[in-house]
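The primary structure of each chain is shown beneath.
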Amino acid sequence: MSQHTARAPRALIAEDEPILAAALAHALQRLWPELDIVATCPNGVDALRQGLALQPDILFLDIKMPGKTGLEAAEELAEQWPEGVPFPHIVFVTAYDEYALAAFEQAAADYVLKPVNDARLGKTVERLQQRLRDSAGTPPAATASAATSASPASSALPASASAAVQANAAGIAAGDDNMARLLAQLQAMLPPAPRLQMIRAAVGNSVRMIALADVVYFEALDKYINVVCHDSEALIRTSLKELLPQLDPQQFWQIHRGTIVNAGAIATAVRDEAGKLSLTLRQHPAQLRVSPLYAHLFRQM
């Protein structure tokens, strides 16, 4: 039997403050008794590990956690999530002020404000229950309570096997689009960084000046970034997380957690037999893998 057959919905909580984690769990038990909380994780690294192992229906992720933030954990989960398994619904646990929360109101996920408030959490629970019904294709009349709510890939299967495969694929693609849109919206909440005009890379006792137009792609290498040009490479000591806000998003596209590519250097986007997407480049032999999270960038116009 599949892990996502009809059953009570399952949730994972990731929160580094034990008192707040316990308060959230107790509030959920009051408001949604049928919800099965399968794990409580103290940091983003554990949330990533447990999320992949347990494949819950819902993730409650604190935005600020040691090891990995909630956003980083969500992004890595989306990249490593097994094919054919619906991606969980995400609720971010946040201490952002009301102005910043406006981004969440239009985002592809919900939020819970610290400290947990039953009224707000109750609305989140109602939305999650509705989303589980919608993704299961089950009419509301058949799901009077969370106990009868099916999880994303259960019950109400399409008539034919091929239709089922197509419906599941469409749902997964929609989940990837939602996650990509969510991360873009939440990224917009951060203060803007000044745009880079030139890359300065140390080479021995000199500093090499690299025009951004000459960069084919950036590749994360541990604590460094490999700056790949058409005929040369150079290392800079920074992270993609710090570099990305300084780049023009129209010119440089993040296509993977560890890769940013110059859009003008892309020749083709090719999908293999397994459905995985990769890019070929103009005047450079490298092939770059595209995370499912960013596949929407290469849909046909």
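Above this note sits the structure.
About the thresholds
- Residues numbered from 1 in each chain as written.
- Predicted model: local features only at pLDDT ≥ 70, side-chain atom pairs only at ≥ 80, totals over all residues.
- Heavy atoms only, no water.
- Pairing = 2+ DSSP bridges.
- Helix = DSSP H or I, 4+ residues; strand = E, 2+ residues; numbered from the N terminus.
- Axes fitted to C-alpha atoms, helices over the stretch in contact; angles between N-to-C directions.
- Phe/Tyr/Trp six-rings, centres within 6.5 Å; stacked < 30°, edge-to-face > 60°.
- Buried < 20%, exposed > 50% of the residue type's maximum accessible area, 1.4 Å probe, protein only.
- Core = buried A, V, L, I, M, F, W, Y, C linked by side-chain atoms within 4.5 Å.
- Contact = heavy atoms within 4.5 Å.
- Parallel < 35°, antiparallel > 145°, perpendicular 65-115°, else oblique.
- Left-handed = near helix turned anticlockwise from the far one by under 90°.
- Nonpolar A, V, L, I, M, F, W, Y, C, P; charged D, E, K, R; others polar.

> So, the sheet that holds strand β13 (residues 266–271): which residues are in play, and what are the values?
Strand order in the open sheet formed by three strands is β13-β14-β15, and the pairing between neighbours is antiparallel. Bordering the open sheet on either side are β13 and β15 (284–290), each of which pairs with just one other strand. Taken pair by pair, the neighbouring strands of this sheet meet at an average axis angle of 25°, ignoring direction. Taken together, the five bridges between β13 and strand β14 (residues 277–281) define a ladder with antiparallel strand orientation. Within the sheet, the bridge partner assigned to Arg-271 lies in β14 and is Leu-277.

> Kindly report on the packing of aromatic side chains, identifying the contributing residues and their values.
Summed over all chains, the structure comprises three aromatic pairs. Ring plane angle 50° and centroid distance 5.6 Å describe the contact between Phe-218 and Phe-252, whose orientation is recorded as tilted. Of this pair, Phe-218 sits in strand β8 (residues 215–221) while Phe-252 sits in strand β11 (residues 252–256); the two residues are 34 residues apart in sequence, bridging distant segments of the chain. The pair formed by Phe-218 and Phe-252 is uniform in burial state, with each residue classed as buried.

> Residue-level account of the sheet that holds β8, with values.
Here five strands make up an open sheet; going across it, the order is β10-β9-β8-β12-β11 and the pairing antiparallel. Each end of this open sheet is capped by a strand with a single partner; those strands are β10 (233–236) and β11. Between one strand axis and the next, the sheet turns by 20° as a mean value, whatever way the strands run. Where β8 meets strand β9 (residues 224–229), six bridges bridge the pair, whose relative direction is antiparallel. Across the sheet, Tyr-217 pairs through a bridge with Val-228, a residue of β9.

> So what's going on with the pairing of strand β7 (residues 206–211)? Which residues, and what values?
Relative to β7, strand β6 (residues 198–203) is paired through six bridges, and the arrangement is antiparallel. In the sheet register, Ala-201 faces β7, and the bridge partner there is Arg-208. Counted between consecutive antiparallel strands, the loop separating β6 from β7 contains two residues, among which Gly-204 sits at a positive phi close to 65°.

> Would you mind going over the nonpolar core in detail, with residue names and values included?
Judged by nonpolar contacts, the single largest core of 35 residues is most densely connected at Leu-61, Tyr-217, Val-261, Leu-279 and Leu-288. Non-local contacts of Leu-279, meaning those with residues more than four positions away in its chain, are made with Ile-255, Val-261, Ile-266, Thr-268, Ala-269, Ala-286, Gln-287, Leu-288, Val-290 and Phe-298. Grouped together as the second largest cluster of nonpolar side chains are 17 residues, Trp-32, Leu-35, Val-93 and Val-125 included.

> Hey, could you go over the environment of Pro-115 for me, with residue numbers and the actual values?
Position of Pro-115 relative to the elements: it lies in the loop between β5 (110–113) and α5 (118–136). For the pair formed by Pro-115 and Leu-20, sequence separation is 95 residues and the distance between their alpha carbons is 7.3 Å.

> Can you explain the packing of helix α2 (residues 44–54) against helix α3 (residues 70–80)? Please cite residues and give values.
For the pair α2 and α3, the least separation of the axes is 9 Å and the interaxial angle reads 25°. Judged by the angle between their axes, α2 and α3 are roughly parallel. Judged by the sense of rotation from one axis to the other, the crossing of α2 with α3 is right-handed. Taken together, the residues of α3 that come into contact with α2 (itself represented by Gly-44, Ala-47, Leu-48, Gly-51 and Leu-52) are Ala-73, Glu-76, Leu-77 and Gln-80. Residue classes in the contact of α2 with α3 are distributed as five nonpolar, three polar and one charged.

> Could you give an account of the environment of Leu-77, with specific residues and numbers?
Relative to the assigned elements, Leu-77 resides in helix α3. When near neighbours in sequence (up to four residues on either side) are disregarded, Leu-77 contacts Ala-47, Leu-48, Gly-51, Leu-52, Leu-59 and Phe-87.

Treat this as a map of the structure, not an account of what it does.
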